[in-house]
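This is what each chain is made of:
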Amino acid sequence: TVPRLEETFAKLNSDAEYVRELLLLIGTGDGYTGGNVSWTEDAITKLKDFSMLLHMKNSIPAILKLRTQMLSSLFKADERKDQLYNQLKSLDEQLKAEWSSKTLLSLTELVAPVKRNLGAQLTSVQLRSLTVLA
């Protein structure tokens, strides 16, 4: 399950480290060295999706707090009328509700809404900056 992945892969710092560890596991598990096996690319994509969602899972609550508590005076409209706020809140609720029941295979069900709803609005750098600010 995804919580078990958090105990292992979530300790890595970058997607490059995910790939390096996965390739090491492939060699250890299958006895191959120095090459990819047929399922490598799909597994790398799934681990990168996991990495993105893990960052979102940690970033979204901080951004919501920033919007509703720390910087609320900078916004004219109530947060309930803010489209981005509502998208973030919905994604936060979905991640909280479904995170612990997902596996690496089923995690892709959570990826599409994140990429569709936030991909065009916030870059990963913006997300990290907002998280640090919060």
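The preceding data block contains the structure.
My aim in this report is to walk through the structure given alongside it, one point at a time. (Residues numbered from 1 in each chain as written. Predicted model: local features only at pLDDT ≥ 70, side-chain atom pairs only at ≥ 80, totals over all residues. Heavy atoms only, no water.)

Quick notes on helix H4 (residues 83-98)
For H4, built from 16 residues, the straight-helix expectation of 22 Å at 1.5 Å per residue is met to within 8% by its first-to-last C-alpha distance of 22 Å. Of all the residues in H4, the buried ones are Tyr85, Gln87, Leu88, Leu91, Asp92 and Leu95. Along H4, the residues classed as buried sweep out an arc of 160° about the axis, all on the same side. Opposite the packed face of H4, turned more than 90 degrees from it, sit the exposed residues Gln83 and Ala97. (Helix = DSSP H or I, 4+ residues; strand = E, 2+ residues; numbered from the N terminus. Expected span 1.5 Å × (residues − 1). Buried < 20%, exposed > 50% of the residue type's maximum accessible area, 1.4 Å probe, protein only. Arc of directions from axis to C-beta.)

Describing the pattern of salt bridges
Under the defined criterion, the tally for this structure stands at five salt bridges. When the shortest N-O distance is used, the salt bridge between glutamate 93 and lysine 89 registers 3.6 Å. Of the two residues, glutamate 93 and lysine 89 both sit in helix H4, four residues apart, roughly one turn of that helix. For the salt bridge of glutamate 109 with lysine 102, the shortest nitrogen-to-oxygen distance reads 2.4 Å. What makes lysine 102 buried here is its relative accessible area of 8%. Taken together, the shared-partner salt bridges in this structure form one network comprising Glu98, Lys102 and Glu109. (Salt bridge = Lys/Arg side-chain N within 4 Å of Asp/Glu carboxyl O.)

A short note on the nonpolar core
Nonpolar side chains in soluble globular proteins tend to be buried together. Among the nonpolar cores identified, the biggest contains 24 residues, and Leu22, Phe50, Leu53, Ile60, Leu95, Trp99 and Leu107 are the most heavily contacted of them. Counting residues per element, this core draws most heavily on helix H3 (residues 40-70), at 10 residues. In this view, leucine 53 contacts Leu95, Trp99, Leu107, Leu110, Val111 and Val114; residues no more than four positions away in its chain are not counted. (Core = buried A, V, L, I, M, F, W, Y, C linked by side-chain atoms within 4.5 Å. Contact = heavy atoms within 4.5 Å.)

Observations concerning the side chain of aspartate 92
Counting through the fold element by element, aspartate 92 comes out in helix H4. Aspartate 92 sits in the buried class, given a relative accessible area of 8%. Sequence-distant contacts of aspartate 92, that is, excluding residues within four places in its chain, are made with Ile60, Pro61 and Leu64.

Looking at the environment of leucine 64
Its location among the elements puts leucine 64 in helix H3. Along the chain, leucine 64 and leucine 84 lie 20 residues apart, while their C-alpha atoms are 9.9 Å from each other. Once you skip the residues sitting within four places of it in the chain, leucine 64 turns out to touch Tyr85, Leu88, Lys89 and Asp92.

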